[in-house]
Amino acid sequence: MPVNATYQAIRQARRPQGRPTAADFEFVSGPLPDLAPGQILVRNLAQSVDPYMREAMHFGDWEKGFGLEGRVLGRVLASKDPAVAEGSVVFHRHSWATHAVVTAADIRVLTVPGGVPLTAYLGILGGTGLTAYVGLKRIAKLQPGEDLFISAAGGGVGTAAARIARVMGAGRLIGSTGSPAKAKHLIEHVGFDAAVDYRAATPLADQLSAAAPDGIDVYFDNVGGTHLEAAISVLRHHGRIAWCGAVAQYDDLDNPPAAPANLYDIVGNALRLEGFLVRDHLDAREEFEDFLIPHIVSGAVPVDETVVHGFANTVDAFVSMLGGGNTGKMVVIFEED
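Residues numbered from 1 in each chain as written. Predicted model: local features only at pLDDT ≥ 70, side-chain atom pairs only at ≥ 80, totals over all residues. Heavy atoms only, no water.

(A) Looking closely at the sheet that holds strand β13 (residues 235-243). In space, the six strands of this open sheet follow the order β11-β10-β9-β12-β13-β14, with parallel pairing throughout. Whereas interior strands pair on both sides, the edge strands pair on one side only; in this sheet they are β11 (194-197) and β14 (272-275). Each strand of the sheet is rotated relative to its neighbour by a mean of 15 degrees, with strand direction disregarded. Strand direction decides the pairing type here: strand β10 (residues 173-177) and β11, joined by four bridges, are parallel. Across the sheet, I174 pairs through a bridge with A194, a residue of β11. (Pairing = 2+ DSSP bridges. Helix = DSSP H or I, 4+ residues; strand = E, 2+ residues; numbered from the N terminus. Axes fitted to C-alpha atoms, helices over the stretch in contact; angles between N-to-C directions.)

Spelled out as structure tokens, the structure:
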């Protein structure tokens, strides 16, 4: 048992009304239990905060371990399973806590290649990057030279989709984001050819038409709502939509936005729209890592992330991420004992 034999954790205190605040969470602590045979004690090192967690807050059923469900990396402090060595670095989902008591079935032991930062396994090499890869390769079947529009392009999945699309040989890349500064960053640092600001006075559909005067082949949708409507308006015949998120409605799931007014254009232009969940495509992980790791090691694919230090700042990081305060993956790094 470590010298500090107490865990700290964060749990949901109430259902938010609109954008979550610190008052919607509570900090708790308690003694670490003695391990039973087969159990493993992990000291969490870093975790991600993700848009889907806002949807989880609506339903309030996401407690896991000492805290809440989420992607987290940790180091094994003690193990009552001979197959898992102390000191191993592991990925698991007992998040929003400084420690976790897990079994081998709950974890993935990581062997991190040289040149790859550990936090990449929360972002571009984690569920975030796998989501982008599956959406582009399996759902949209992006082909070299095809033009792509990505919504929420400054976030974790958005930046990962752009990096991966470039490696796949995509043509013109267009992203949407919420400020002129972020739009500039997408073009100058992430490799987009154009970026639109959905908060600008000019309607999003008009901005997108100007950015893609010849149309697009694929839309990677993280937002829904008016973004989906705008994308439908510029998709070419036989265009495809890979839909994985709807951040436009997470703060008010009881009152979702109206369906796109041009939805019937899906028929007229023979478009294909398919929603997907990355958890249904975990069999793609090995293929995905074999494809992407060499590009990360070579430096061709940077790891886009915004880092917040300190477990106590987890809620602030989460709320900031929902408001667009991150570029790339939002990661919270804890302090090790």
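(B) Molecular detail of the packing of helix α2 (residues 127-139) against helix α3 (residues 156-167). Viewed as axis vectors pointing N to C, α2 and α3 meet at an angle of 55 degrees, and their least axial separation amounts to 8 Å. Classed by the angle they form, the pair α2 and α3 counts as oblique. With respect to the hand of their crossing, α2 and α3 are arranged in right-handed fashion. In this structure, α2 contributes T128, G129, T131, A132, Y133 and L136 to the contact, and α3 contributes G156, V157, A160, A161, I164 and A165. Its residues assigned to classes, the contact of α2 with α3 comprises eight nonpolar, four polar and no charged. (Parallel < 35°, antiparallel > 145°, perpendicular 65-115°, else oblique. Left-handed = near helix turned anticlockwise from the far one by under 90°. Contact = heavy atoms within 4.5 Å. Nonpolar A, V, L, I, M, F, W, Y, C, P; charged D, E, K, R; others polar.)

(C) Representation of the packing of helix α5 (residues 204-211) against helix α6 (residues 225-234). Relative to each other, α5 and α6 sit at 40 degrees, their axes nearing to 9 Å. Regarding α5 and α6, the two cross each other, and that crossing is right-handed. From α5, L204, A205, L208 and S209 reach across to α6, where they touch T226, H227, A230, A231, S233 and V234. Taken together, the residues that form the contact of α5 with α6 break down as six nonpolar, four polar and no charged.

(D) Expanded view of the packing of aromatic side chains. Applying the stated criterion to the full structure yields eleven aromatic pairs. On the numbers, 4.0 Å between centres and 5 degrees between planes, the contact of Y7 with F66 is stacked. Taken together, the residues Y7 in strand β1 (residues 6-12) and F66 in the loop between β4 (63-64) and β5 (67-79) connect sequence positions 59 residues apart. Arranged with centres 5.0 Å apart and planes meeting at 15 degrees, the rings of F149 and Y219 form a pair that is stacked. Taken together, the residues span a long stretch of sequence, with F149 in strand β9 (residues 148-150) and Y219 in strand β12 (residues 216-221) at a distance of 70 residues. Both residues of the pair, F149 and Y219, count as buried. Through a chain of ring-to-ring contacts, three or more aromatic side chains come together here, namely F25, W62, W96 and F318. (Phe/Tyr/Trp six-rings, centres within 6.5 Å; stacked < 30°, edge-to-face > 60°. Buried < 20%, exposed > 50% of the residue type's maximum accessible area, 1.4 Å probe, protein only.)

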